[in-house]
Amino acid sequence: MEDILSAKSGIGGFFSNFGTALARGDWSVKLSLLWWGAGYARRRQFAKALLMTLVEAGVAAFTLLFAMQYVPKFGTLGTVQAEQVFNIATMKTEWNDYDNSFLILLFSLFSFVVWFAAAAVWMRNVVNVYRLQLQAEAGRHVNTFAEDLRSYLDEKFHITLLALPALGVAVFTVIPILLLILVAFTNYDQQHMPPTNLFSWVGINNFVTLFSGGSSVTLGFGYAFVRVLGWTLVWSLFATFTTYIGGILMSLLLNNKMVRWPKLWRTMFMVTIAVPQFVSLLLMRNFFSNGGIANTICANIGLTGFLRDIGAISTAYIPFLSAPGWAHVMIILINIWIGVPYQMLIATGVLMNLPGDQLESARIDGANPYQTFRHITMPYMLFVTGPALVTDFVKNMNNFNVIYLLTQDVYTTTNQVMANAQAREVDLLVTWLFTLTQDYYNYKMASVIGIMVFVVCAVITLVAFNFMIRGDKEEGYQ
Amino acid sequence: MSGKKIARKVLFNVLIAALAIFWLIPIVWLVCTSFSAYSGMNTSTFFPAQWSAEHYLKLLQSDTVNQFTTWFWNTFKIACVTCLVSTFFVLMVAYAMSVMRFKMRKPLMNFAVILNLFPGMLAMIAVYFTLKTFNLTNSHIGLIMVYSASSGLGYLIAKGFFDTVPRSLCEAARLDGCNEALTFVNVVLPMSKPIIVYTVISSFLTPWMDFVYSKMILNAGISENYTVAVGLYRMLDRSLINTYFTQFCCGGVLVSIPISILYIIMQKFYVEGITSGAVKG
């Protein structure tokens, strides 16, 4: 009988277990729907009965005392505007009892999550109580409370292990992401900033703004989005492949038997990644600034003059990081400097496990080093690091540091339409949404862009993994 | 050895030396500039015109803008707490996902993959509103929570390592009467030194290397709450750069030395961890 309950898995199984338990359970199982501790009390498990009753009381108290203050206002996100009123009784100007749209949104969402969890516990409880009934009917040993507790260090140890980390992820990742998705459907921005102002639901207006020209106030969001997305993709493509190939070449070079002191060289390259990026990138930014040392050197060797003569620049300096085109190329080049040693480390780790017999037979067959690289090393690398390549691509799409630290305060856009949308030609989607939230408090558009980032990342990952699974050559390397 | 071979050997070594020099130019510039006697940015020559260590002394004496010692101490405190929490979280999740078998294991792992697709920054923006509502922005507690609360999601490398611990050892421990918790603490953990060291160092380094979260959380606060990253970034404000550029370089050198050492140690264990995983599949 018990097998019927445990055999099914997944969400469907959970619901069907619940149905079975409810249909076949005795009166105490059914009473458990109302009084969560009933089933345990019937089986004389008073500690557990008390615990479940307390949980039930907690949920009820939470609902009545906390959730009910916010959830009823969820539909409007508040109607009472904050105002200062003169209170006759205290003879002072005081704030009225205003609604805070953000708190309503946040706490309503929080209540939904708590209720969702409570519903799961409630259903699970019925199933557990029914299982208890089956055990009792079969005359088998029913665990005491102490034994139940002990099982959390044994076969249920995973629950003990995962409880706190999962709570952290729920509160600091899942709820925020849900919150952000909700904000994308509101008009939460600088003009609608709680607590002094209310914001409200606007449906899909923000998405419409992003994909069309929009009204005069928001002119340019669609225009800027296409350009920023385009650069984001181009940047990720270049950043990923230049560092990947560079890393492999560097690691082959370092691991070549003819190179002396390979450890020394490797450490020297690693120093460049070990220096925190906010130091190295900020330094680079000043190194290549308009009046910086790189420009002085270029002027001294006549490069600046030469470029001006052929019409490549119109300024007295080379705008390494301050003009479109120049900045794009420089960012990719500087990223090579940062990324190649890192990829070199990973490639070294993978190459150590290169199938030696294949290399050996290639050598006996008289393959030259290039052929070995092309037909053995590279396919093996691609096989092992393929998934990492996809994650690297997604990481580069969200590579905030390189873009922000290199171009913030240095690069200002001259394109008025981009400027209207608070975007710059060198912005990635993430830096754009960072600027929108931190400097312009345009949370609604930042949320919409955030959702778009996720969609793009998810599509790329899925397509790439699908492609890789189809071209599965797993057996070849086993 | 033939002449051709010697020529190639020389060529290889010259090539790698050239690359290494190229890669070290910015670092050399950082160190040289930090010993400059001039306080602003030196734009005319690569090496400073006059050498002096006075800016290191200035950096260690706080003034209105520069409070490097306080920032350093702040970052250190944040790093210690983050390291403690993250290490526990990562190892716990990794063990549960690697060694234990339970119904929700696969769904949870898939869920983690999906969550990791959301850029971390995205969740942080919402976390930022929330922390702001509870007045936890511009505080170290908020920043520690940001660094460590979701750290359980980064369990994959540690899981890869635990996967290589022979199952037979765990089974032997169980036959000897160990429960799952004792197996974890007494059998698996003592065998996992490389991955523990890797996890400890990498989570300790997170607050030191991070820029964006600390800027987000501490940006509007007062200078004495800053971490090194935010503080040094502030020194390069357009109005301050001419007075503080050399001190920025000194700060960069001082913070980079311990981090580089830890980083290089960590990488050794990292390569050990992933390669042992690859060998045993």
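Scroll up to find the structure.
The following paragraphs examine the structure supplied in this document. (Residues numbered from 1 in each chain as written. Chains lettered and ligands numbered in written order. Predicted model: local features only at pLDDT ≥ 70, side-chain atom pairs only at ≥ 80, totals over all residues. Heavy atoms only, no water.)

**Things to note about the pattern of salt bridges**
Link 1 in the chain: For the structure on display, the rule yields ten salt bridges over all chains.
Link 2 in the chain: Linking D26(A) and R42(A) is a salt bridge whose minimum nitrogen-to-oxygen distance equals 2.4 Å. In this pair, D26(A) is assigned in the loop between α2 (10-24) and α3 (27-31) and R42(A) in helix α4 (residues 38-42), connecting sequence segments 16 residues apart.
Link 3 in the chain: Residue class for R42(A) comes out partly exposed when judged on its relative accessible area of 35%.
Link 4 in the chain: Between D154(A) and R174(B) there is a salt bridge whose closest N-O contact spans 2.8 Å. Residue D154(A) is located in the loop between α7 (145-151) and α8 (157-183), and its partner R174(B) is located in helix α8 (residues 167-175); the two belong to separate chains.
Link 5 in the chain: When salt bridges with common partners are traced through the structure, they connect D26(A), R42(A) and R43(A) into a single cluster. (Salt bridge = Lys/Arg side-chain N within 4 Å of Asp/Glu carboxyl O. Helix = DSSP H or I, 4+ residues; strand = E, 2+ residues; numbered from the N terminus. Buried < 20%, exposed > 50% of the residue type's maximum accessible area, 1.4 Å probe, protein only.)

**Things to note about the packing of helix α15 (residues 326-351) of chain A against helix α1 (residues 3-34) of chain B**
Link 1 in the chain: Viewed as axis vectors pointing N to C, α15(A) and α1(B) meet at an angle of 115°, and their least axial separation amounts to 11 Å. α1(B) is crossed by α15(A), and the crossing has left-handed handedness. Of α1(B), the residues touching α15(A) (which contributes I336(A), W337(A), V340(A) and P341(A)) are F22(B), W23(B), P26(B) and I27(B).
Link 2 in the chain: The class makeup of the residues in the contact of α15(A) with α1(B) is eight nonpolar, no polar and no charged. (Axes fitted to C-alpha atoms, helices over the stretch in contact; angles between N-to-C directions. Left-handed = near helix turned anticlockwise from the far one by under 90°. Contact = heavy atoms within 4.5 Å. Nonpolar A, V, L, I, M, F, W, Y, C, P; charged D, E, K, R; others polar.)

**Comments concerning a nonpolar patch on the surface**
Link 1 in the chain: Taken together, the side chains of V234(A), L237(A), F238(A), F241(A), I245(A), L249(A) and L252(A) make up a nonpolar region of the molecular surface, amounting to roughly 590 Å² of accessible area.
Link 2 in the chain: Considering the arrangement of structural elements, one finds V234(A) in helix α10 (residues 221-254). (Patch = residues over 30% accessible without salt bridge, like charges linked within 9 Å, V, L, I, M, F, W, Y side chains within 5 Å. Areas by Shrake-Rupley, 256 points an atom, 1.4 Å probe, with all protein chains shown as cover.)

**Thoughts on the interface of chain B and chain A**
Link 1 in the chain: Facing the 94 residues of chain B at the interface are 89 residues of chain A.
Link 2 in the chain: Taking both sides of the interface into account, the surface hidden between chain B and chain A amounts to around 8,100 Å²; carbon and sulfur atoms contribute 79%.
Link 3 in the chain: Among the residues of chain B in contact with chain A, W23(B), L117(B) and F129(B) are the three that bury the most area, contributing 10% of the side total.
Link 4 in the chain: Considering every element that reaches the side of chain B that touches chain A, the biggest residue donor is α1(B), with 18 residues.
Link 5 in the chain: Partitioned by chemical class, the residues of the side of chain B that touches chain A number 69 nonpolar, 15 polar and ten charged. (Buried area = accessible area lost by both parts, 1.4 Å probe.)

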